[in-house]
Amino acid sequence: MISHISIKDFAVIKNAEVDFYDGLNIITGETGAGKSVLIEAVSLALGSRADTTFIRTGQDKAIVQLACAKDGEDYVITRELSAAGKNLCKINGEMVTVAQLKDFCKDLVDVHGQYDHQSLLDPENHLRLIDAFGKKSIQPLKDSVSVSYEKYSEAKRSLDSLLAAEREDARQRDFMQYEHDEIQKAALTPGEDTALSERVNILQNSEKIYESLAGVYEALSGSSGESYNATDLVGGSLEPIRQISQYSEDLAGIEKRLGETFYELQDLAEEIRTARDNIVFDPQELNDSLARLDLIDSLKTKYGSSIEEILDYDETLVEKLGFLEDSEEKKKELTEEVRKTEADLLERSEELSSLRKKTAEALSAKMQEELAGLNFENAVLSIDFSRKNEYSIEGFDKVEFMISTNRGEELKPLAKIASGGEMSRIMLAFKKTAGENDSIPTMIFDEIDSGISGVTASIVGRNLLELSSDHQIICITHLPQIAAFGQTNYRISKSSDDSATYTSVDLLDEEEKVLEIARLTGGMNITEKTLENARELIEGAITK
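The present account deals with the structure reproduced in this document. (Residues numbered from 1 in each chain as written. Predicted model: local features only at pLDDT ≥ 70, side-chain atom pairs only at ≥ 80, totals over all residues. Heavy atoms only, no water.)

1. Describing the nonpolar core
Most often, soluble globular proteins keep nonpolar side chains buried together rather than apart.
Consideration 1: Counting 64 residues, the largest nonpolar core has Ile426, Phe445 and Leu464 as the members making the most contacts within it.
Consideration 2: Broken down by element, the residue count for this core peaks at 8 residues, all from helix α12 (residues 307–373).
Consideration 3: With sequence-adjacent residues up to four places away left out, Phe445 is seen in contact with His112, Met427, Leu428, Lys431, Leu464, Leu467, Ile473, Ile474, Cys475 and Ile476.
Consideration 4: Of all hydrophobic cores here, the second largest spans 39 residues; its members include Ile5, Ile13, Leu108 and Val109. (Core = buried A, V, L, I, M, F, W, Y, C linked by side-chain atoms within 4.5 Å. Buried < 20%, exposed > 50% of the residue type's maximum accessible area, 1.4 Å probe, protein only. Helix = DSSP H or I, 4+ residues; strand = E, 2+ residues; numbered from the N terminus. Contact = heavy atoms within 4.5 Å.)

In structure tokens form, the structure reads like this:
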């Protein structure tokens with residue numbers, strides 16, 4: 001509940017400190033005194049839209065502070081608006097965002113202004129009213145439907161995603177298969193391109209290579225008939241070295257190395273001869289090798305800069321093609337999952353709908369009882385159910401409240417009720433009916449008595465008093481019949497000097513309450529008769 005509000009430089013209010021109490025708090029005042037400004041200040045503290053026009057003329061900023069209790073804890077909410085456009089929100093001195101403030105306050109105060117019944121006219125809100133009325137029994141089923149809906153939605157998303165991917169991949173299936181076949185047909189092996197390039201280089205330079213190897217072989221082996229060659233020369237030097245090698249270790253080492261060189265030259269000459277004899281120019285091999293390299297280069301431009309990358313790409317193609325083959329089985333599994341989860345969701349939604357319809361009957365009966373108590377003796381309220389085209393987290397129900405306020409009139413949607421006074425009373429009936437199941441501790445009513453008077457006003461006052469047994473009620477009114485029911489009464493008054501206008505909020509004692517109700521009854525000309533009438537209204541409110 002709200003225990004205190006402090007307002008500084010907000011609209012016509014320069015400074016105001018107001019304590020609120022349990023039960024029915026009634027605020028009255030002359031037209032234009034600033035009664036609704038007080039509610040605007042409360043709404044601002046609760047997270048409503050900030051507007052710099054609320055800042056009092058000539059001031060740099062407006063500050064509203066609200067002391068309240070929630071879940072057994074005390075809190076101070078601060079909202080500060082500056083002319084520069086800054087908007088500060090604090091809870092117990094800690095900075096919060098406007099969204100965080102609104103979320104914190106959503107279960108704290110329910111503000112119902114003169115035009116807030118527009119929300120009651122919106123059928124989108126009617127389902128929430130039924131669920132709130134039957135919360136204890138409906139909420140567990142709603143939670144169950146919510147879980148089923150999430151499972152169904154997840155399965156459907158997975159199936160839809162698979163079908164979309166399947167449609168997309170199917171368009172590429174032939175192309176991917178073509179790419180895979182092309183790579184497989186090439187039968188590539190890692191490093192093949194390097195070996196081919198080397199072989200092509202040899203084939204293209206075979207004549208030069210042959211001549212060079214032949215010349216080297218001649219120099220080493222002397223096969224051309226020359227009287228000297230490298231092998232013979234080295235071999236001829238071995239005998240003189242052998243004859244003197246026994247004289248020192250150094251000479252023995254030279255003999256050994258020279259012998260090794262001789263045998264190495266012989267082996268090398270043989271290898272060169274073999275390499276020479278193997279050099280055969282084959283135009284067909286050259287053409288085939290060049291064609292193979294062209295094929296590999298062509299594949300590189302399409303699938304990767306190396307054979308390894310091409311083979312990696314082919315593995316990816318194999319995976320995708322395999323997925324397409326497996327997707328049919330996966331599609332069957334997901335289709336079955338969607339069917340099962342939808343069947344479960346349907347069953348739970350039907351249970352929820354059935355419970356809602358029973359709850360709606362009880363709500364309708366309770367509402368008609370409340371409406372009768374608000375001078376709608378012949379009112380008939382019906383709640384129409386229809387089914388949405390698709391599931392939602394709250395089931396498939398779509399509801400609309402239908403009402404007839406006079407005997408013989410056909411039922412019409414609430415939106416067709418033209419009278420503001422009628423809508424105010426219907427709204428109060430909803431508040432009172434739902435109030436028994438409503439955990440919001442504070443309800444604020446801003447001139448919902450518009451368009452009513454006399455006996456009906458007294459009935460509204462009595463209903464507000466009854467509602468205040470379970471909730472803190474703050475009500476702005478201009479009717480003495482309603483003000484008489486106040487357990488705590490306040491008067492908002494306005495004064496001015498040469499430079500500015502000031503609004504003050506005063507807590508009334510019992511005698512001041514009588515004077516204020518007398519003023520509401522007879523205007524500024526208060527007589528003993530009007531005072532007597534005021535006392536009678538208060539006495540009647542207490543004893544009824």
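2. Details of the sheet that holds strand β11 (residues 412–413)
Paired through backbone hydrogen bonds, the strands of a sheet run either parallel or antiparallel to each other.
Consideration 1: With respect to topology, 3 strands assemble into an open sheet ordered β9-β10-β11, the strand pairing being antiparallel. A strand with exactly one partner marks an edge of an open sheet, and here the two such strands are β9 (380–392) and β11.
Consideration 2: Bridge count between strand β10 (residues 395–404) and β11: 2 bridges; the pairing is antiparallel. Of the residues in β11, the one forming a bridge with Ile403 is Lys412.
Consideration 3: Packing of helix α4 (residues 126–133) onto the sheet brings it into contact with β9 and β10, and relative to β10 it is tilted by some 95°. (Pairing = 2+ DSSP bridges. Axes fitted to C-alpha atoms, helices over the stretch in contact; angles between N-to-C directions.)

3. A closer look at the packing of aromatic side chains
Consideration 1: Tallied over the full model, the rule gives 7 aromatic pairs.
Consideration 2: Taken together, a centroid distance of 5.3 Å and an interplanar angle of 15° make the contact between Tyr303 and Tyr313 stacked. On the criterion of sequence distance, the pair formed by Tyr303 in helix α11 (residues 283–303) and Tyr313 in helix α12 is long-range, its members being 10 residues apart.
Consideration 3: Judged by its relative accessible area of 28%, Tyr313 is partly exposed.
Consideration 4: Lying across the ring of Phe104, Lys70 places its NZ or CZ 4.3 Å from the centre. (Phe/Tyr/Trp six-rings, centres within 6.5 Å; stacked < 30°, edge-to-face > 60°. Lys NZ or Arg CZ within 6 Å of the ring centre and 35° of its normal.)

4. Concerning the environment of Gln139
Consideration 1: Structurally, Gln139 is set in helix α5 (residues 135–186).
Consideration 2: Owing to a relative accessible area of 29%, Gln139 belongs among the partly exposed residues under this scheme.
Consideration 3: Between the C-alpha atoms of Gln139 and Leu290, which are 151 residues apart in sequence, the distance is 78 Å.

5. Focus on helix α1 (residues 35–45)
Consideration 1: With 9 of its 11 residues buried, α1 lies for the most part within the structure.
Consideration 2: Directly beyond the C-terminal end of α1, a positive phi value near 115° is found at Gly47.

6. Topic: the pattern of salt bridges
Consideration 1: For the coordinates displayed, the defined rule picks out 20 salt bridges.
Consideration 2: Ionic pairing is found between Asp51 and Arg49, a salt bridge with its closest N-O pair at 3.9 Å.
Consideration 3: A residue is classified by how much of its surface remains accessible, and Arg49, at 64% relative accessible area, is exposed.
Consideration 4: A salt bridge links Arg356 to Asp397, with the nearest nitrogen and oxygen atoms 3.2 Å apart. Separated by 41 residues along the polypeptide, Arg356 in helix α12 and Asp397 in strand β10 bring together distant segments of the chain.
Consideration 5: Taken together, the salt bridges that share partners define one network made up of Asp131, Lys142, Arg356, Glu394 and Asp397. (Salt bridge = Lys/Arg side-chain N within 4 Å of Asp/Glu carboxyl O.)

7. Observations regarding the sheet that holds strand β2 (residues 13–19)
Consideration 1: Here we have 6 strands laid out as an open sheet, ordered β2-β1-β4-β5-β6-β7, and antiparallel in their pairing. Each edge of the sheet is formed by a strand with only one pairing partner; in this case those strands are β2 and β7 (94–96). Each strand axis lies, on average, 15° off the axis of its neighbour in the sheet, ignoring direction.
Consideration 2: Where strand β6 (residues 87–91) lies against β7, 3 bridges are found, and the strand directions are antiparallel. Within β7, the residue paired with Ile91 across the bridge is Glu94.
Consideration 3: Running over the sheet, α1 touches β1 (2–10), β2, β4 (61–70) and β5 (73–82) and is turned about 105° from β1.
Consideration 4: Seen against the sheet, helix α2 (residues 98–105) touches β4, β5, β6 and β7 and runs at an angle of roughly 145° to β5.

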